[in-house]
Structure formats: structure tokens, C-alpha cells
Amino acid sequence: QVQLVESGGGLVQAGSSLRLSCAASGRTFSTYAMGWFRQAPGKEREFVAAISRSGGNTYYADSVKGRFTISRDNAKNTVYLQMNSLKPEDTAVYYCATTYSIVVSVARENYRYWGQGTQVTVSS
């Protein structure tokens, strides 16, 4: 079993940057893929970004491509989401998740463990 704890959310102005972190428990962090999702009020949870075990492969939703960067530090059991040029439409609760396998996926149903989420609010 894996426990995921997100941090780094907050209230920022449009055009600002934030870096989210997700710390994972356990000693096998480097063996499974990770992802970030977000959920805005009244909307379904949507894929944001995903990263392979080694960090060599990354995937992004079209809405964040070029602005967000996912990365990981396997020595620290942590995955990051660097968010630049934030827009009001990026406002959501951001969730870290893992497929707990080598599978890198954009599909929510393939993710087995989830964090509790961190709120990101972007004001105009």
C-alpha cells in the first residue's frame, strides 16, 4: 500500500507560478508511475500530467502543455508539478496518484492510490 501526501497549493494571481509536491511512503517509489489530476467545482476529475518510473517519459493534457512540468526525485520519494503562467481556469483541487505499476496512463481508472488533494486558486 502507498500513502501520498500533496503540498504546495495556495492562492495566487494569474500569471504566477506554483510548485506542487507529492511525497510517497514506502521503499518502492521508483518502481511505479505517477500522475497528477485536478478537479474543479462541479466538474469531473481530469488528467493533468503523468511520468514514468525513471522520469524519462512524461505526458500532459493539452490544456497545460508548455506551462506545467512534471518531474520526480526517486531518492526523495517525491513527484512534483511545476505550474507556470497560471490561469483562473487552472483553479481546482490537485491530486497526486499512482498506478502502482509500470503503466503510465492518462485514464483516471488506472490509478490505484490517491492523495487527499491540495487546493490551487488562481485569481484574475
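Predicted, not measured: the structure shown is a model, and the values here were computed from it.

Enquirer: Give a description of the pairing of strand E7 (residues 68-73) that names residues and reports values.
Expert: A one-sided burial pattern is seen for E7, the buried positions being Phe68, Ile70 and Arg72 and the unburied ones Thr69, Ser71 and Asp73. Strand direction decides the pairing type here: E7 and strand E8 (residues 78-83), joined by 6 bridges, are antiparallel. Residue pairing in the sheet places Thr69 in a bridge with Gln82 of E8. Linking two consecutive strands that pair antiparallel, namely E7 and E8, is a turn of 4 residues; a positive phi of about 55 degrees is found at Asn77 within it.

Enquirer: Go over the sheet that holds E8 with me, naming the residues and quoting the values.
Expert: Pairing between the strands of a sheet comes from backbone hydrogen bonds, and it takes one of two forms, parallel or antiparallel. Strands sit in the order E1-E3-E8-E7 across an open sheet of 4 strands; the sheet is antiparallel. Since the sheet does not close on itself, it has two edges, and those belong to strand E1 (4-7) and E7, each with one partner. On average, each strand axis in the sheet is inclined to that of its neighbour by 15 degrees, with strand direction left out of account. Of the strand pairs in this sheet, E1 and strand E3 (residues 18-24) are connected by 4 bridges, and their pairing is antiparallel. Looking at E3, one finds that Leu4 is bridged to Ala24.

Enquirer: Run through the state of the cysteines, naming residues and quoting values.
Expert: Within this structure, the stated rule accounts for 1 disulfide. Here Cys22 is linked by a disulfide to Cys96, with a sulfur-sulfur distance of 2.0 Å. Across the disulfide from Cys22 to Cys96, rotation about the S-S bond amounts to roughly -70 degrees, and the bridge is consequently left-handed. Taken as a pair, Cys22 in strand E3 and Cys96 in strand E9 (residues 92-98) lie far apart in primary sequence, 74 residues in all. Of the residues examined, Cys22 reaches a relative accessible area of 0% and is grouped as buried.

Enquirer: Describe the side chain of Glu6, with residues and values.
Expert: Along the chain, Glu6 falls in strand E1. Of the side chains with opposite charge, Arg45 comes closest to the buried, unpaired Glu6, at an N-O distance of 7.5 Å. Within the local environment of Glu6, its side chain forms a polar contact with the backbone nitrogen of Gln116, the two atoms lying 3.0 Å apart. Setting aside anything within four residues of it in sequence, one finds Glu6 in contact with Ser21, Cys22, Trp36, Tyr94, Tyr95, Cys96, Gly115, Gln116, Gly117 and Thr118.

Enquirer: Please give an account of the environment of Ser124 that cites residues and values.
Expert: Relative to the helices and strands, Ser124 is located in the segment after strand E11 (118-123). Accessibility expressed as a relative area gives 87% for Ser124, which makes it exposed. Note: C-alpha distance between Ser124 and Phe37 (87 residues apart in sequence) is 22 Å.

Enquirer: Would you mind going over the nonpolar core in detail, with residue names and values included?
Expert: Of all hydrophobic cores here, the largest spans 34 residues; its most connected members are Met34, Trp36, Val79, Leu81, Met83 and Tyr94. Among the elements that make up this core, the one with the highest residue count is strand E5 (residues 46-51) (5 residues).

Enquirer: Can you explain the packing of aromatic side chains? Please cite residues and give values.
Expert: Under the counting rule described, the total for this entry stands at 8 aromatic pairs. Ring geometry for Phe29 and Tyr32: centres 5.8 Å apart, planes at 80 degrees, overall edge-to-face. Summarising the burial analysis for this pair, Phe29 and Tyr32 share the class buried. Aromatic pair Tyr111 and Trp114: ring centres 6.1 Å apart, planes at 55 degrees, arrangement tilted. Residue classification places Tyr111 among the buried residues on the basis of a relative accessible area of 6%. Three or more aromatic residues link up through ring pairs in this structure, and these residues are Phe37, Phe47, Tyr95, Tyr111 and Trp114. It is Arg45 that lies over the ring of Trp114; its NZ or CZ is 4.9 Å from the centre. The residue whose ring lies beneath Arg72 is Phe29, and the NZ or CZ to ring-centre distance is 4.4 Å.

So, how was this worked out
Residues numbered from 1 in each chain as written. Predicted model: local features only at pLDDT ≥ 70, side-chain atom pairs only at ≥ 80, totals over all residues. Heavy atoms only, no water. Buried < 20%, exposed > 50% of the residue type's maximum accessible area, 1.4 Å probe, protein only. Helix = DSSP H or I, 4+ residues; strand = E, 2+ residues; numbered from the N terminus. Pairing = 2+ DSSP bridges. Axes fitted to C-alpha atoms, helices over the stretch in contact; angles between N-to-C directions. Disulfide = S-S within 2.5 Å. Lys, Arg positive; Asp, Glu negative; His and termini not counted. Salt bridge = Lys/Arg side-chain N within 4 Å of Asp/Glu carboxyl O. Polar contact = N/O pair within 3.5 Å; in protein donor to acceptor, adjacent residues only side chain to side chain. Contact = heavy atoms within 4.5 Å. Core = buried A, V, L, I, M, F, W, Y, C linked by side-chain atoms within 4.5 Å. Phe/Tyr/Trp six-rings, centres within 6.5 Å; stacked < 30°, edge-to-face > 60°. Lys NZ or Arg CZ within 6 Å of the ring centre and 35° of its normal.

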